[in-house]
Structures are given as C-alpha cells and as structure tokens.
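So you can see what is in the structure, the chains are spelled out below.
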Protein chains: 2
Amino acid sequence: MSAMKETILKTSRFSVERVTHLLPNGHTHSREIVRHPGAVIILPVLADGSVCLIRNYRVSLDQELLELPAGTLEAGEPPVECAVRELKEETGYSCGKMEPLCDFFMSPGILDEHMHAFVATELRPGEPAREEGELISNSILSMAETEAAIRSGEVKDAKTIVALLYFSQFWIANKSS
Amino acid sequence: MSAMKETILKTSRFSVERVTHLLPNGHTHSREIVRHPGAVIILPVLADGSVCLIRNYRVSLDQELLELPAGTLEAGEPPVECAVRELKEETGYSCGKMEPLCDFFMSPGILDEHMHAFVATELRPGEPAREEGELISNSILSMAETEAAIRSGEVKDAKTIVALLYFSQFWIANKSS
C-alpha cells in the first residue's frame, strides 16, 4: 500500500513516525507508529534444566518485573551477537551455544519492535556488566517454577511468557522426540 | 523511586513522556517512555472448540498478521466492556460469557501498555462494525491449527501467542481437572 511517512520525534531508543495511507476506498488514514531497532530475548538453560531469569526495575511501570534477559539491537548488529552480548552484560553468563527459538512482534498496533528469541546453553558464570540505570539481579528457577510463575501472574512480561511457553510447548517436545 | 516527568509528544493513540530518575548512586538517568491507555485481547471459542482469529493489515509492519481480536481501552472503560465491544466490532460475534484469562505488559522497556486477555464463549454471529482503516477478515482455526501456526511462525503477534499458549497450557487443563 502506498504511504507518506514523516518522522515527528527522535529519542535515543526509538522514534515516532506519522504514516498516511491511501485506502482502497479513496480516503486517507493517518496513524503514528513507534519505530524501534528490534531486540533480542535469551532463555539461558543451565545444565540441570533450570532457567536464569532476572528481576528488573522498569521505569515505564515504576515496578520490578521477573523477566528473561533481553536487550535492543545496536545499528547493524546481528541478533545472535546481540543475544550473546546482552546475556553476558545482564546475567554474567557466557554461553557455548546460542540457538534461535522463535521471533515475533511486540505491539504491532503502534510499535514495529521485532523480537528475536534464543536459547542459550553450555553456560559459564561470570561478572555481569550492567549499564548505568539498570537495576537487575539474577533469579534461577526450575522450568516448573517458571510455569507456575506465569500461571499465577507473577511473570507479566509478554516476551518472557512467549519465550518460556514456546520453549516448554514446542522446543523441549521437539528435542525429546 | 522519585522521578521528574515531562510529556514531549501527544498523538491520538499514545503519548511520549521523558522520565528522569535519581539513582541510588546519586546520578540521574533519563529515558523516554511511550504512555498507552491499555488494551484488551479476546480469545473467542466456538461451540466445537475452534477459535476465531482475524487477518489484520498492520500499518506499522506494512503486512497482514494472523491475530486474535483486540483493541485499545477508551477513557475510563472497564477492560471487560472493551472486550465485548471490540469482539463485536472486529469479528461480528456477540458473546454470552466474557471471562478474564490473564494480563501482561507488552514491551516494558519503552512502553507501559497493559494487556488484559479474555476468553469469550456462547458466541452468536453477527455483522462486524469495523472502523475506517481497519482491513480485517475472520479466520476460524481449530486449537491444533492455532498451535501449529504458532510453532511454524505464521502467528507472529506477541499478545496472540501469549493468550493462545496460556489458554492451552493453563485454562483448558484447569477446566478439565
């Protein structure tokens, strides 16, 4: 569909664009879209099958969420490299294997953020390199505990729920078949 | 945590706020947050157990996604009323029952959007009342087909994946136990 586009705000982590479309009925329709460089989320699986989540203070909500480690793509950065970097920065873990799990869009009504999910294994603990303003701590849970935390509503972060439920429903079943 | 807040953009569907925090180490840290009124997503279950999804053209991605019906809260609107309204507008279905499923945050790194998921049953077909600019058509799938579409990557909308996997993993198991 043909569209006119105009950037109306730039910030350090996203911009806002006004998109005007010519509809099939001849009318025009404008809406503002938040443009985002894309991001990764990492499901770090320890040797005993437990998962490393993080407790992460979120400025947007003024509360701490229980999430998987994640981060935003830098310009030109391949998602798998971003995943290795963010896993190390946020949790301290280096990994021997980083495998793609699935990918999805976070809120396509207003936001073009494309999320790439990975499974990290062969983990080696180390020192995190958290950015200023990141208030983060690791939280190791069994898969049964993560599922209970999703079911009870303790986990409220959409990308974390997608990655964990996709992993338990499709990845583990696939690996064991 | 104490914070200074300043609105730097208003659009018809969201605004952008700059939040400046005083960190425990005495430094300040600013970031821009997309403020959103919150939204609902509806999982409409037909009498035979199949699900009504929609094919929805998304301006943000310039592509059609396979999603559950959803919509944004109007000022002061209770989520359950919004769910009944959006189900009717987008799919044509009225429902006898609209039950809360779960709730979650779409992209808390930049966006405060809070999503309320519902299960709609006792459905009666009718005429949709789609808004101008909404290019939508219904798509009825069995639960097995929706799971295959998530697994294959055909479903790429995060809220739709959360609602469907939460439903199949926790709701159906709960109802049948």
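Throughout this description, residue numbers start from 1 for each chain and increase along the sequence as written. Each chain gets a letter, beginning with A, and each ligand a number, beginning with 1, in the order they are written. Residues qualify for local features only when their pLDDT is at least 70, as the model is predicted, and side-chain atom pairs are given and counted only at 80 or more; totals for whole chains, interfaces and linings, by contrast, use all residues. As a rule here, side-chain values come from all non-hydrogen atoms in the structure, and water together with hydrogens is ignored.

Undergrad: Pulling in residues and values, what's your account of the overall build of chain A?
TA: The number of helices and strands found in chain A is three helices and ten strands. Reading the secondary structure of chain A in the N-to-C direction produces β-β-β-β-β-β-β-α-β-β-β-α-α. Seen along its three principal axes, the alpha-carbon backbone of chain A occupies a region of about 60 × 40 × 30 Å. Think of it in three bands: with a 1.4 Å probe and only protein chains considered, a residue is buried below 20% of the maximum accessible area for its type, exposed above 50%, and partly exposed in between. Sorting the 177 residues of chain A into buried and exposed places 56% on the buried side. Any pair of residues with heavy atoms lying within 4.5 Å of one another is described as a contacting pair. Here the analysis covers contacts within chain A between residues at least 6 apart in sequence; of these, 58% occur between residues at least 24 apart. In this description, accessible areas are obtained by the Shrake-Rupley approach with a 1.4 Å probe, and a residue is regarded as covered only by the protein chains that are shown. Approximately 7,500 Å² of chain A is accessible, and the part contributed by carbon and sulfur atoms is 50%. Neither His nor the chain ends contribute to the count of charged residues, in which Lys and Arg are positive and Asp and Glu negative. Where a charge lies is defined by one atom per residue type: Lys uses NZ, Arg uses CZ, Asp uses CG and Glu uses CD. Of the side chains in chain A, 17 bear a positive and 26 a negative charge, and the two mean positions are spaced by 4 Å. What counts as a helix is a DSSP run of H or I of at least four residues, what counts as a strand is a run of E of at least two, and both are numbered from the N terminus.

Undergrad: Please set out the relation of the copies chain B and chain A residue by residue, giving values where relevant.
TA: Least squares is the method used to superpose the copies, on C-alpha atoms of residues holding a pLDDT of at least 70 in both. Of the transformation placing chain B onto chain A, the axial shift is 0.0 Å and the rotation is 180°, giving an RMSD of 0.0 Å. As the rotation angle and translation indicate, the two copies are arranged about a two-fold axis.

Undergrad: Just give me the short version of the packing of aromatic side chains, but keep the residues and values in it.
TA: What characterises a pair of aromatic rings is the spacing of the ring centres plus the angle enclosed by the ring planes. Residue and element names in this part refer to chain A. Two aromatic rings, drawn from Phe, Tyr or Trp (for Trp, its six-membered ring), form a pair once their centres lie within 6.5 Å of each other, and the interplanar angle then sorts them: stacked below 30 degrees, edge-to-face above 60, tilted otherwise. For the coordinates displayed, the defined rule picks out four aromatic pairs over all chains. Here Y166 and F170 contribute two aromatic rings whose centre-to-centre distance is 4.9 Å and whose plane-to-plane angle is 70°, an arrangement assigned as edge-to-face. Of this pair, Y166 and F170 both sit in helix α3 (residues 158–176), four residues apart, roughly one helical turn. For F170, a relative accessible area of 7% gives the class buried.

Undergrad: Any details on helix α1 (residues 79–91) of chain B? Residues and values, ideally.
TA: Residue and element names in this part refer to chain B. Take the number of residues in a helix, subtract one, and multiply by 1.5 Å to get its expected span. Helix length check: α1, at 13 residues, gives a terminal C-alpha distance of 18 Å against a target of 18 Å (1.5 Å per residue), a fit within 8%. Of the positions making up α1, those classed as buried are C82, A83, R85, E86, L87, E89, E90 and T91. Buried residues in α1 make contact with β4 (39–44), β5 (51–58), β7 (70–72), β8 (94–105), β9 (114–124) and β10 (136–141). Where α1 terminates, the next one or two residues include G92, which has phi positive at roughly 90°.

Undergrad: Outline the domain arrangement of chain A, listing residues and values.
TA: Residues and elements named next belong to chain A. Entries for chain A in the domain assignment read domain 1 (3–35) and domain 2 (39–176). Residue ranges assigned to each domain were obtained from an automatic or database domain assignment. One C-alpha centre belongs to domain 1, the other to domain 2, and the line joining them spans 30 Å. Of the residues lining the interface, five residues belong to domain 1; the matching set on domain 2 comes to four residues. For any pair of parts, buried area is found by adding up, for both, the accessible area (1.4 Å probe) each one loses once the two are put together. Here domain 1 and domain 2 share an interface that buries about 390 Å² over both sides, 44% of which is from carbon and sulfur atoms. Of all residues in domain 1, I33, V34 and R35 bury the most surface against domain 2, accounting for 74% of the area lost on that side. Here, a salt bridge means any side-chain nitrogen of Lys or Arg that lies within 4 Å of a carboxyl oxygen of Asp or Glu. For the interface between domain 1 and domain 2, the tally reads one salt bridge. Linking R35 and D112 is a salt bridge whose minimum nitrogen-to-oxygen distance equals 3.2 Å.

Undergrad: Before we move on, can you summarise the side chain of S168(B) with the specific residues and values?
TA: In this structure, S168(B) sits in helix α3 (residues 158–176). Setting aside its immediate chain neighbours within four residues, S168(B) contacts Q169(A), M143(B) and E147(B).

Undergrad: An account of the layout of surface pockets is requested, with residue identities and associated values reported.
TA: Definitions used throughout: a 1 Å grid over protein atoms alone; a cavity as a set of points that fits a 1.4 Å probe which cannot get out; a pocket as an open set with protein on both sides within 12 Å along at least five of seven lines; a lining residue as one with an atom within 4 Å of a point. Grid points are joined across faces, edges and corners, and a volume is the space filled by probe spheres set on the points. Volume-wise, the second largest pocket comes out at about 560 Å³. Lining the second largest pocket are 32 residues, with R31(A), R13(B), R58(B), G71(B) and T72(B) positioned closest to its centre. Only β4, β5, β7 and α1 of chain B provide two or more residues apiece to the lining of the second largest pocket. Residues are grouped as follows: nonpolar covers Ala, Val, Leu, Ile, Met, Phe, Trp, Tyr, Cys and Pro; charged covers Asp, Glu, Lys and Arg; every other residue, Gly included, is treated as polar. Here the residues of the lining of the second largest pocket are counted per class, giving 13 nonpolar, eight polar and eleven charged.

Undergrad: Mind laying out the pairing of β5(B), listing which residues take part and the relevant values?
TA: Residues and elements named next belong to chain B. Taking burial as the measure, the eight residues of β5 include seven buried ones, the bulk of the element. At least two DSSP bridges between two strands are needed for those strands to be called paired. Bridge analysis of β5 against strand β6 (residues 63–67) gives five bridges, and the strand direction is antiparallel. Bridged to R58 within β6 is Q63. Two successive antiparallel strands, β5 and β6, enclose a turn made up of four residues, where D62 displays a positive phi of approximately 50°.

Undergrad: Talk me through the pairing of strand β2 (residues 15–22) of chain B; I want residue IDs and the actual numbers.
TA: Residues and elements named next belong to chain B. With respect to burial, β2 is a largely interior element, six of its eight residues being buried. With seven bridges joining them, strand β1 (residues 3–10) and β2 adopt antiparallel strand pairing. From the neighbouring strand, M4 faces β2, where its bridge partner is T20. Connecting the antiparallel pair β1 and β2 is a turn made up of four residues. Pairing geometry for β2 and strand β3 (residues 28–35), over eight bridges, is antiparallel.

Undergrad: Explain the pattern of salt bridges residue by residue, including any values.
TA: On inspection of all chains with the given rule, the structure shows 26 salt bridges over all chains. A salt bridge links E86(A) to R85(A), with the nearest nitrogen and oxygen atoms 3.2 Å apart. What makes E86(A) buried here is its relative accessible area of 5%. Where K159(B) meets E67(B), a salt bridge forms, and the shortest distance between an N and an O atom there is 3.1 Å. With K159(B) in helix α3 and E67(B) in strand β6, this residue pair connects regions lying 92 residues apart in the sequence.

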